[in-house]
Amino acid sequence: MFNRKFMEELFKPQELYSKKALRTVYDRLAHASIMRLNQASMDKLYDLMTMAFKHQVLLCPRPKDVLLVTFNHLDAIKGFIQDSPAILHQVEEIFRQLTETYGGLSAGEFQLIRQTLLTFFQDLHIRVSLFLKDKVQNSNGRFVLPVSGPVPWGTEVPGLIRMFDSKGKEVKKVEFKHGGNYVTAPKEGSFELYGDRVLKLGTNMYSMNRPVETHMSGASKNLAPRTQENIAPNPLAKEELNFLARLMGGMEIKKPSGPEPGFRLNLFTTDEEEEQAALTRPEELSYEVINIQATQDQQRNEELARIMGELEVTDQPRQSASKGDDLLAMMDGL
């Protein structure tokens, strides 16, 4: 994922990917390892990824905090690869590129980035059990916006209106009730390579007893109490995440013996549940990216072929010759 050529392509100025193109890139990353998912499991994994990211972008206190969310992602990855200096260097180089590219942007430019991302995800209202359990998502799939908690860094707690005359002199103050329980932000998150990001958005969603980012007023806020943060995640979940991180991060994995190396990842409790999900999933929510036959309709897949052609990394050995040299060969192979 952090190969230099791959990252150079991502940092080139370009139009936002279409949803179909994003799904194709995501499928390619997932199947670049020995992991194999069927259609129903891939749909569920993709839905979880998109809704989790939408939640993070939507609840950013200020537009610039989108960068802090990204740094939280990179910090988590760095924690997985401490024993691989070469890969750690690649991740730190991406951190420097992000800082160089986005560190000097104005608040308005960050707002444009945030608004563009939210526009991309605005029609997605998929319910996620983790969010529903924590009361940060409603039953209709929409997220609960905070009415209490820290205000964005650099802003004041609401409740006061100041009026000025034509000379800029303050002439009157009026207080109002805002209906929440806002407090001043304790400090600004660090934008350095190593530091306290303060913002929890973008950290491990599956940590036990993690604090809920969304604060709700009234009786609702007592439904999901979180009094103390425990940074130690569930051991089983940690092992799964560690293994996926090694696969996606490029750490060396020994090939299993046998003619078809790989394992099957099932995101459902039982095989029967997975089969039932595949049968009952609405047709409009299913993706048929893997079944594209570009040899029959070249124009239809021109965008995907161009994107994946740019992202193709040719200087790394392949784990399986059956996956093909490019997107179209990979799809035919699947």
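Residues numbered from 1 in each chain as written. Predicted model: local features only at pLDDT ≥ 70, side-chain atom pairs only at ≥ 80, totals over all residues. Heavy atoms only, no water.

An unreviewed UniProt entry lists the protein under the name Organic solute carrier partner 1, from Lynx canadensis.

Trainee: Is there a simple way to think about the overall build of the protein in this case?
Mentor: From N to C terminus, the protein includes 11 helices and 6 strands. Taking all 334 residues of the protein together, 34% fall into the buried category. Look at the contacts in the protein between residues 6 or more apart in sequence, and 68% of them connect residues 24 or more apart. Accessible area for the protein stands at about 20400 Å²; split by element, carbon and sulfur atoms hold 54% of it. (Helix = DSSP H or I, 4+ residues; strand = E, 2+ residues; numbered from the N terminus. Buried < 20%, exposed > 50% of the residue type's maximum accessible area, 1.4 Å probe, protein only. Contact = heavy atoms within 4.5 Å. Areas by Shrake-Rupley, 256 points an atom, 1.4 Å probe, with all protein chains shown as cover.)

Trainee: Would you mind showing me how to read the nonpolar core here?
Mentor: Most often, soluble globular proteins have nonpolar side chains that are buried together. The biggest cluster of nonpolar side chains holds 25 residues, and the ones touching the most others in it are Phe-2, Phe-71 and Leu-74. Those elements that provide at least two residues to this core are helix H1 (4–10), helix H4 (65–80), helix H5 (85–102) and helix H6 (107–121). Here Phe-71 is in contact with Phe-95, Leu-98, Thr-99, Ser-190, Phe-191 and Arg-197, once residues within four sequence places are set aside. (Core = buried A, V, L, I, M, F, W, Y, C linked by side-chain atoms within 4.5 Å.)

Trainee: So what exactly am I meant to see when it comes to the pattern of salt bridges here?
Mentor: Side-chain pairing between opposite charges can occur once the charged atoms of the two side chains come close. Counting across every chain of the model gives 13 salt bridges. Here Glu-170 ties to Lys-173 by a salt bridge, and the two come within 3.7 Å at their closest N and O atoms. Judged by its relative accessible area of 33%, Glu-170 falls in the partly exposed class. For Lys-173, a relative accessible area of 52% puts it in the exposed group. Overlapping salt bridges, with partners in common, bring together Glu-156, Arg-162, Glu-170 and Lys-173 in one network. (Salt bridge = Lys/Arg side-chain N within 4 Å of Asp/Glu carboxyl O.)

Trainee: What is the right way to read a nonpolar patch on the surface from this model?
Mentor: On the surface, Ile-161, Met-163, Val-171, Val-174 and Phe-176 cluster together into a nonpolar patch covering about 390 Å² of accessible area. Within the secondary structure layout, Met-163 lies in strand E3 (residues 160–164). (Patch = residues over 30% accessible without salt bridge, like charges linked within 9 Å, V, L, I, M, F, W, Y side chains within 5 Å.)

Trainee: I would appreciate a short explanation of unusual backbone geometry in the present structure.
Mentor: Most peptide bonds take the trans form, and the phi angle of most residues other than glycine is negative. Although it is not a glycine, Lys-135 adopts a positive phi angle of roughly 65 degrees. On the secondary structure map, Lys-135 appears in the loop between helix H7 (129–133) and strand E2 (148–150). Given the relative accessible area of 35%, Lys-135 is considered partly exposed. The backbone of Val-198 shows a phi angle near 65 degrees, a positive value even though the residue is not glycine. Position of Val-198 relative to the elements: it lies in the loop between strand E5 (181–183) and helix H8 (235–249). Judged by its relative accessible area of 30%, Val-198 is partly exposed.

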